[in-house]
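Summary of structural features
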Amino acid sequence: MKHLILLVWFFLTHEAQSLHIIAGDFSQLQGLAVPAADTLEDVPPANINTYEIRHKRSEDGGEDKEEELTDDHFIIQSYKVKSIITSRFAETVFSTKVRNREVTAQNVEFNLRIPTGAYITNFTMTVNDITFVGSVMEKSFARRLYADARTQGKAAGIIRTYGREMEHFKADVNVPGGSKISFELHCQELLQRRLGFYEQIIILQPGNLVKQFQVDVYIFEPQGITYLEAPHRLGSQFDGLMHLTKGENKAHLTFRPTLDQQRKCPSCPDTAIDGSIVVKYDVKRILNGGALQVSDGYFVHFIAPDNLPPLLKNIIFVIDVSGSMWGIKMKQTVEAMATILDDLGPQDQFTIIVFNHIVRCWTEHLVTGTPAQIKEAKKYIENIKPSGGTNINEAILSAIHILTQADSHGVLNPRSVSFIIMVSDGDPTVGEIKLSAIQKNVRTHMQNDFSLFCIGIGYDVDYDFLERIALENRGGARRIQANVNASSQLMDFYEEVATPLLRKIKVLYGGENVTDVTKSTFDKYFSGSEIIIAGRLTNKDPSILQSLVSASSANSEVGFQVESPTDELDKILAKHQYVLPCFTKQLWAYLTIRQLLAKRAMAPTAMQKRNITSRILNLALVHHFVTPVTSMLVESEETGQKLLADSPRDTREGCCAGPPHIGTKTHPKTPPKTPPKYIFATVLPQTAVGDTEMKVVHSVDNDPHFIIHLPKCKQDICFNIDTEPGKILNLVSDPIKGIVVNGQIISGKKAKNTKLNTYFGTIGIRFTNLSLSFDISTEKIRLKDGNHKTLLQWSENAVLTHSSYVVSVRKNSNVTITVGEDVVFLILLHRVWKNHPTNVDFLGFYTPPTNMFSTSVHGLIGQFAREPEVHVYNMRPGSDPNKPQATMEVKGHKITVTRGLQKDYRTGTVSGTNVQCWFIHNGGKGFIDGHFKDYLVPHLYSFLERP
């Protein structure tokens, strides 16, 4: 079944997460219930068919008709993006209309991405004249309503969230023959000023030709617009098609390519639109005290002074040089540091700390940024050789100690600013590794005049921790993508904090009619950024709102007074069509919620966290924001069908994530007397194994080879097991939780290169506490729940949902088993050519390290639920120049290991993806406990007997 991908990327910030919706068959709205979306893989298909659209008016002058025959099922009638920006507050609306030209129902898929800082405020969908409208509710209440509808067979789907980079909204809908579907999503966000301008990036990837393609961006800034540009990254074919008009305080960008202009070539059926439009602008700033804007009983205060001398800086760069930084990460960090060091002036002071399991200081005191010192610092950075673990606690405390000593000895200029910039790509693995303890240590030793900024490289790093510890110490955090222009990302972050202009900023508002003011004291203000404060007025009668801004500059204490009439802006807004008349109200609520979420993350007690959560909930419900404490229930009054929109989920939960628990969670110790109640469906769209979420896992596949991912030290360790066909190896054995996973060995048809390859032909999984077991072979999937048996076939898609577990089968691809919220397993099926001379069908087993086993878990994979300490050193050439060797210390052993490649087959059971790992020879000897023969068990459901 073909899929149609419509993708828009509203990229206003550097980080984002994902929001996901799967909708069911709307041609039979009272019929089959579709399983939770996160039982499905969520990456869009890799191959997207494009189609030709032809123009022809109908006899009554209505809809356009196709002029040329095509094999595609759908016509995209319109694809529109409209963004209205009023005083930095943006509302973006994505809408599209599609028609199914076939007489039978077809599957259509919509895909769009929004930034993590944007809150969804509205979602509507109309299928076959049935409209679904979204309403924001408290999260648990919305889930209960959804669960109730689901038990009645009326729940059509579930919205889930994935990832940190983008919020991913996906609608997969079965559209009746000849019918239309329209889809509209609204989101709101406050644009942040960085490096002297505001930026909105709209990524356009429709995937197909579109009859009505339209992008409009409307900007209204009461202060006036000083700088505006709108470059595009769509290719020279679209030069001249982007129209930009600018007045004194408003601007309009429009992009409306015709059908012919969209084509890759004059006769091509494919679209050439695949890129982005960028809108950059800044506003006039007359007063250093900022601009006060009052409307609809709310006010917002924008403060961004310039023409001030920069403050002197005292900076300590703290750089992670653990083994995981080896290679391109370290190379790009060195490149960035060379540029950053050149920015320092002779009156600035700095030093460098590098850390792995040991903390080393370039100098144990601050030095001035003279050319000679800069040159020596660059040499020091260039000679770093990454290795070892990660001692974050001692590294930060050492930096604090240097600043504290400098302060006590009078080395720091009283009008200078002092901050620590830490760059790391991993979690602590050496010294103090408890995050709460590190957070407390830093908070205890940090002086009130110091700030901590954290840069997290990649996605294995605990960014939430870095953000908490930075915000708690008057700084900020930024995640940058590893290996993707990391050096320029590092330099961009540094440039944002490179020029401090003010410190100890405090803003006061006069009169008794001001209430509910957002954060109004700030530690530092950096050139190119902006301070934003919002509040409410208790008295809406026309009057003057006054504010007083006080701060410390490089030379003196400064004060700025600003005032604004409370009725003037409303009159101005009323004269314009493309503005957001209630922007101050929504901006105030948006900013308040964002600040409360940050405060909640740092709340020291559960009671305080609950109180903050209650405030967030009330605001989100009133202002219709989908936040981490609210969900959007999307429903049709006509049919009772419901869909559930949840807020983003943490990607660190590992791969193969299963659905949330819905309904009563039971763990029967005796077989149920009545058949289990299932929601069963076989309507899943066919997708590839590559759709499985790509996250870290422990796995065993192919010969069989094992890949063990060690999150703390960020290493992958591999080993092979060679044993006789028919033998059964224990993979996971947890007697306390009653979970066992075993694999039975089969062999190839005959030896290849004198070696007879062996594989897993059957995987047995048993949950004794649930009286539940699975027998998964290359032929069938057998499930036994108490006395009730179910047989599933590899030849068809299927989902089996029970109150305690979900089983999802991808046709001839994989099966995912999710039990409660604690355990998820993925089994891949490898099919080979029936008459292959040597190979046979076999299975692969994958499990995320986040599965919640007990402390008694063991087995070839289970033992690594508790990560061992691993130290790799003395890297040296091996017999193969492409496979270096090293010495590994683990579990009291010193063993020789080889750097090589193994295959992760989740991206495709044929070629897979190469994984760099340290290979343990002799069947994992020294890395696994004992000998691999110790893991042989007599039966498919036998627990491991340990001495």
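Residues numbered from 1 in each chain as written. Predicted model: local features only at pLDDT ≥ 70, side-chain atom pairs only at ≥ 80, totals over all residues. Heavy atoms only, no water.

**With respect to the packing of helix α10 (residues 583–601) against helix α11 (residues 606–623)**
At a minimum axis distance of 10 Å, the contact between α10 and α11 shows a crossing angle of 160°. Classified by the angle between their axes, α10 and α11 sit roughly antiparallel to one another. In the crossing of α10 with α11, the sense of the turn from one axis to the other is left-handed. Here K585, Q586, W588, A589, T592, I593, L596, L597, K599 and R600 of α10 come into contact with α11, specifically with K609, I612, T613, R615, I616, L619, A620 and H623. For the contact of α10 with α11, the class distribution of residues is nine nonpolar, four polar and five charged. (Axes fitted to C-alpha atoms, helices over the stretch in contact; angles between N-to-C directions. Helix = DSSP H or I, 4+ residues; strand = E, 2+ residues; numbered from the N terminus. Parallel < 35°, antiparallel > 145°, perpendicular 65-115°, else oblique. Left-handed = near helix turned anticlockwise from the far one by under 90°. Contact = heavy atoms within 4.5 Å. Nonpolar A, V, L, I, M, F, W, Y, C, P; charged D, E, K, R; others polar.)

**So, the sheet that holds strand β29 (residues 531–537)**
Spatial strand order, β17-β18-β29-β27: four strands in an open sheet with antiparallel pairing. Two strands lie at the open edges of the sheet, namely β17 (291–295) and β27 (514–515), each paired on one side alone. Here β17 pairs with strand β18 (residues 298–303) via five bridges, running antiparallel. When the bridges of β18 are listed, Q293 appears paired with V300. Packing of α10 onto the sheet brings it into contact with β17, β18 and β29, and relative to β29 it is tilted by some 115°. (Pairing = 2+ DSSP bridges.)

**Topic: α11**
An ideal rise of 1.5 Å per residue puts 26 Å on 18 residues; α11 measures up with 26 Å between its terminal C-alpha atoms. Inspection of α11 places I612, I616, L617, L619, A620 and H623 among the buried residues, and these make up the whole buried set. Where the residues of α11 are buried, they touch β7 (130–138), α10 and β32 (630–635). The positive-phi residue at the C-terminal boundary of α11 is H624, with phi of around 65°. (Expected span 1.5 Å × (residues − 1). Buried < 20%, exposed > 50% of the residue type's maximum accessible area, 1.4 Å probe, protein only.)

**Re the pairing of strand β39 (residues 739–747)**
Each regular strand displays side chains that alternate between the two surfaces of the sheet. As paired elements, strand β38 (residues 728–734) and β39 share six bridges and run antiparallel to each other. Across the sheet, the residue bridging to V732 is V741, located in β39. In this structure, the hairpin formed by β38 and β39 is closed by a connection of four residues, where G738 is found at a positive phi of approximately 70°. When β39 meets strand β40 (residues 758–767), the two strands line up antiparallel, connected through nine bridges. The partner of V741 across the bridge, within β40, is I765.

**Quick notes on the confidence of the model for the protein**
Per-chain confidence: the protein averages 80 in pLDDT, with 82% of residues scoring 70 or above. Low confidence marks residues 1–71, where pLDDT is under 50. Its contacts with residues over four positions away, or in another chain, come to 302 contacts. A low-confidence stretch, residues 649–694 stays under pLDDT 50, and its non-local contacts, those more than four residues away or across chains, total 158 contacts. (pLDDT = per-residue confidence, 0-100.)

**Some details on the packing of helix α6 (residues 435–445) against helix α7 (residues 463–471)**
Relative orientation of the contacting elements α6 and α7 amounts to 20°, with a least axis distance of 10 Å. By the criterion of interaxial angle, the relationship of α6 to α7 is roughly parallel. In terms of crossing hand, the pair formed by α6 and α7 is right-handed. Listed contacts from α7 to L435, I438, Q439 and V442 of α6 are F465, R468 and I469. Here the contact of α6 with α7 is composed, by residue class, of five nonpolar, one polar and one charged.

**Section: the state of the cysteines**
By the definition in use, this model includes two disulfides. The disulfide bridge from C265 ends at C268, spanning 1.7 Å between sulfur atoms. Sign of the S-S torsion, about 90° for the bond between C265 and C268, identifies this disulfide as right-handed. For C265, a relative accessible area of 27% puts it in the partly exposed group. Given the relative accessible area of 18%, C268 is considered buried. Between the sulfur of C718 and that of C917 lies a disulfide, 2.1 Å long from S to S. In this structure the cystine formed by C718 and C917 twists about its S-S bond by roughly -125°; its chirality is therefore left-handed. Placement of C718 in strand β37 (residues 715–720) and of C917 in strand β52 (residues 913–920) is noted, with a sequence separation of 199 residues between them. A relative accessible area of 0% means that C718 is categorised as buried. Residue C917 is classed as buried on the basis of its relative accessible area, which comes to 1%. (Disulfide = S-S within 2.5 Å.)

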